[in-house]
Amino acid sequence: RTAVAIAAASIVAKVTRDRLMCALALDCLGYGFEQHKGYAVPEHLEALDRLGPSSHHRSFFAPVVAARLKHFPVPAEPDLFTVDAESEAAASEAA
């Protein structure tokens, strides 16, 4: 009896998630959520690479991280050995 209840709940959860992904597809055009329901199939990964992540993508999923870095690169923090052109020009003028 418990197994039947668990199986039924699993089906309800999957159908509900699939319907939510189809609704999300209307808000996030181009990702194909209505077809792959957010699973990491080649079409989804290609769209992620092409469009970058949406606000609905899981932040720490490796392909999302890679797409975020590609589309929204984090500027590198300068270190003690980094010399930018502006600082170098100012130093030249002062000398």
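Values in this document were obtained by computation on a predicted structure and should not be read as measured data.

Cut-offs used in this document
- Residues numbered from 1 in each chain as written.
- Predicted model: local features only at pLDDT ≥ 70, side-chain atom pairs only at ≥ 80, totals over all residues.
- Heavy atoms only, no water.
- Helix = DSSP H or I, 4+ residues; strand = E, 2+ residues; numbered from the N terminus.
- Buried < 20%, exposed > 50% of the residue type's maximum accessible area, 1.4 Å probe, protein only.
- Contact = heavy atoms within 4.5 Å.
- 1 Å grid on protein atoms, 1.4 Å probe; cavity = no way out; pocket = protein on both sides within 12 Å on 5 of 7 lines; lining within 4 Å.
- Points joined across faces, edges and corners; volume = space filled by probe spheres on them.
- Nonpolar A, V, L, I, M, F, W, Y, C, P; charged D, E, K, R; others polar.
- Core = buried A, V, L, I, M, F, W, Y, C linked by side-chain atoms within 4.5 Å.
- Phe/Tyr/Trp six-rings, centres within 6.5 Å; stacked < 30°, edge-to-face > 60°.
- Lys NZ or Arg CZ within 6 Å of the ring centre and 35° of its normal.

**Student:** Explain the environment of Y31 to me, please; I cannot follow it from the model alone.
**Tutor:** Tracing the sequence through the fold places Y31 in the loop between helix 1 (2-27) and helix 2 (33-36). On the basis of relative accessibility, which here comes to 9%, the residue Y31 falls in the buried class. Taking C-alpha positions, Y31 is 5.3 Å from A47, a pair spaced 16 residues apart along the chain. Beyond its immediate stretch of four places on either side in the chain, Y31 contacts H36, H44, A47, L48, L51, G52, P53, S54 and H57.

**Student:** Explain the layout of surface pockets to me, please; I cannot follow it from the model alone.
**Tutor:** The calculated volume of the largest pocket comes to roughly 230 Å³. What lines the largest pocket is a set of 15 residues, among which R17, G38, H44, H57 and R58 lie closest to the centre. Put simply, the parts of the chain that give the lining of the largest pocket at least two residues each are helix 1 and helix 3 (42-51). Residues that form the lining of the largest pocket fall into these classes: 9 nonpolar, 4 polar and 2 charged.

**Student:** Can you walk me through the nonpolar core in this structure?
**Tutor:** Soluble globular proteins: nonpolar side chains tend toward being buried together. Core analysis: the largest hydrophobic core is formed by 7 residues, namely M21, L24, A25, C28, Y31, F33 and A47. Residues contacting L24, with those up to four places away along its chain left out, are F33 and H56.

**Student:** Whenever I open this one, the packing of aromatic side chains confuses me. Can you help?
**Tutor:** Here the distance between the centres and the angle between the planes together describe a pair of aromatic rings. By the definition in use, this model includes 1 aromatic pair. Residues Y31 and F33 carry aromatic rings whose centres are separated by 5.4 Å and whose planes lie at 15 degrees to one another, so their mutual orientation is stacked. We note that Y31, like F33, is buried. One residue, R17, lies across the ring of Y39, its end atom 4.9 Å from the ring centre. In this arrangement the basic side chain of R58 is found over the ring face of F61, its NZ or CZ atom lying 4.7 Å from the centre.

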